[in-house]
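In case you want the letters, here they are:
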Amino acid sequence: MKDRQKKSKGLKILIVFLILLVFAGGAFALYMYTTPQISLQGDKVMEVTMKNGYEEPGATASFAFHDISSHIDIDSQVDDSCVGSYKVIYTVHYLEKTATAERTVNVVDKEPPEMTLLKGDHLTVFASEVFEDPGVKAIDDSDGDVTWNVKAKGYVDMYNKGDYEIEYKVSDSYGNEAIAYRTVTVKGEPNKLKKGVIYLTFDDGPSNKVTKKILKTLEKYKVPATFFVIDYGDDPKKIALMQRALDDGCAIGVHGYSHDYSKIYKSPEAFMENVTKLHDKLLEDLGYDAFAMRFPGGSSNTVSISYCKGIMTDLVKLVQKEGYMYNDWNVDSTDASANSVPAKRIIASVKAGCDPEKYNIILMHDSDAKETTAEALPAIIKWAKKEGYEFRAMTPACPTYHHKVNN
Ligand code: ZN
């Protein structure tokens, strides 16, 4: 009996030993072949809005069904005050083993700049006064002061009472756009003129020959003018001439990139594209935001009937809606009536057409062929000054003279 008991005790020890061995082996194998696991809470790629605070969603970690989340180290580089793509690294060390996981956090700017209309969104001014836009201030959460980037559109006719709207637009570098509007009410009746006013206007330039001569005359007599230009290629001489005109206090208006009636009066879209193309080119080459425009052939032209019936009726509204002030003329120098119209005839036409009781908008040309216009100009200026006329360049608030639309 004693022997059998001894035997069975030995067997039990052996079994327990074997079981322990299996467990130890199993545990060893488990250790060898198991790695810590990290799982991110929330998305692997997250988007947060700037300055809105990044809240760490955290992660969990396990090692062979054992929760080791408390061992996770989080290394976050997220700076929510700055737009950018940031990494958050999660590391867990456990029993000499390491695992890492990574999250990408994109901080984005969706906030447009904040615009403040200086002196408020409604201004009242009296007719004939000089209107000076008090401007706006634009501050962006990521770009800072972006006032320099504000584009203003719209004009105020100080000689016609009514409500005018000015639109201000600004974008930050992430394309978030803010728009603000100001209404300007022009009140009262414009002053009666004490003396005549002349707006000299030159179409179809710039020309290295003729515009240069005209500028010399304007500089000599300290008289400004308005140039309605067409495409000038990339001629640096022509760009320099226009810059010189601006420096002299002249205005530059858009006549159109192309002057080809068959192309520009084909459709309202084609026309506006032709205007915008030149406007943007002037902005790029001279930093000048042209506000004035003149229709090739004038708004009264009938040549456009052959290309698009009724187009002028639409265009006169459309250009103003796009923020342009269009101006025809009420004094024709007749310099376009033939090639090389004698200077004497140009001078006589201007003298006959000007009236001290009105705003005289004189049509002249400064394309290469118009040498006699340049020749006539000194005599015109001398005569007008003697008669007491005042010369002005067009401004966004200057009087407009519109022809009767015939198409
Ligand atoms: Zn023209």
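Just so we're clear, the structure is a prediction, and the values are computed from it rather than from any experiment.

**Notes on the sheet that holds strand β14 (residues 177-187)**
Strand-to-strand pairing in sheets goes through backbone hydrogen bonds, with the strands running parallel or antiparallel.
In step 1: If you walk across this open sheet you meet the 4 strands as β9-β14-β13-β12, and the pairing is mixed. Strands at the two margins of the open sheet, each flanked by one partner only, are β9 (122-126) and β12 (151-153). Sheet twist, expressed as the average angle between the axes of neighbouring strands with direction ignored, equals 25°.

**Digging into helix α7 (residues 343-353)**
Since one α-helical turn is 3.6 residues long, residues separated by three or four positions face the same way.
In step 1: Of all the residues in α7, the buried ones are A343, I346, I347, S349 and V350. What you see down the axis of α7 is that its buried residues fit within an arc of 160°, all on one side. Residues of α7 that are exposed and point more than 90 degrees away from the buried face comprise K344 and A352.
In step 2: Buried residues in α7 make contact with β20 (331-332), β21 (359-365) and α8 (371-386).

**A few points about unusual backbone geometry**
In step 1: The amide bond that connects G205 to the next residue, P206, takes the cis arrangement and shows omega of 0°.
In step 2: For P206, the location among the structural elements is in the loop between β15 (197-203) and α2 (210-221).
In step 3: The backbone of E96 sits at a positive phi, close to 65°, despite the residue not being glycine.
In step 4: Position of E96 relative to the elements: it lies in the loop between β6 (84-94) and β7 (97-108).
In step 5: Looking at E96, the relative accessible area reads 78%, which means it is exposed.
In step 6: Positioned with a positive phi, S340 is a non-glycine residue whose angle comes to about 45°.
In step 7: Tracing the chain through its elements places S340 in the loop between β20 and α7.

**Notes on the pairing of strand β16 (residues 226-230)**
In step 1: Counting buried positions along β16 yields 5 of 5 residues, so the element is predominantly enclosed.
In step 2: Across the two faces of β16 the burial is the same, with T226, F228 and I230 and F227 and V229 all buried.
In step 3: Looking at chain direction, β15 and β16 are connected through 3 bridges and run parallel. Opposite F202, over in β16, you have F227 as the bridge partner.

**Overview of the state of the cysteines**
In step 1: Considering all chains together, one arrives at 0 disulfides under this definition.
In step 2: Take C398: it sits in no disulfide, and the sulfur closest to it among the cysteines is that of C250, at 14 Å.

**What about the pattern of salt bridges?**
In step 1: Here the structure, examined in full by the defined rule, presents 14 salt bridges.
In step 2: K87 is paired through a salt bridge with E102; the nearest N and O atoms lie 3.6 Å apart. Taken together, the residues span a long stretch of sequence, with K87 in strand β6 and E102 in strand β7 at a distance of 15 residues.
In step 3: For K87, a relative accessible area of 32% corresponds to the partly exposed category.

Here is what the cut-offs are and how they apply
All residue numbers here refer to positions counted from 1 along the written sequence of the relevant chain. In keeping with the model being predicted, local features are shown solely for residues with a pLDDT of at least 70 and side-chain atom pairs are shown and tallied solely at 80 or more, while totals for entire chains, interfaces and linings include all residues. For side-chain calculations, the full set of non-hydrogen atoms in the structure is used, while hydrogens and water are omitted. Pairs of strands are assigned from DSSP output, requiring at least two bridges between the strands. For helices the rule is a DSSP run of H or I covering at least 4 residues; for strands it is a run of E covering at least 2, with both sets numbered from the N terminus onward. For helices, the axis comes from a line fit to the C-alpha atoms of the stretch in contact; other axes are also lines fit to C-alpha atoms, and the angle between any two N-to-C directions lies between 0 and 180 degrees. Residue burial is assigned from relative accessible area. The probe radius is 1.4 Å, only protein chains are included, and a residue is buried under 20% of its type maximum, exposed over 50%, and partly exposed in between. Arc definition: it is the arc formed by the directions from the helix axis to the C-beta atoms. Working rule for contacts: check all heavy atoms of both residues, and any pair within 4.5 Å makes them a contact. When two cysteine sulfur atoms lie within 2.5 Å, the pair is treated as a disulfide. The salt bridge definition used is simple: a Lys or Arg side-chain nitrogen within 4 Å of an Asp or Glu carboxyl oxygen.

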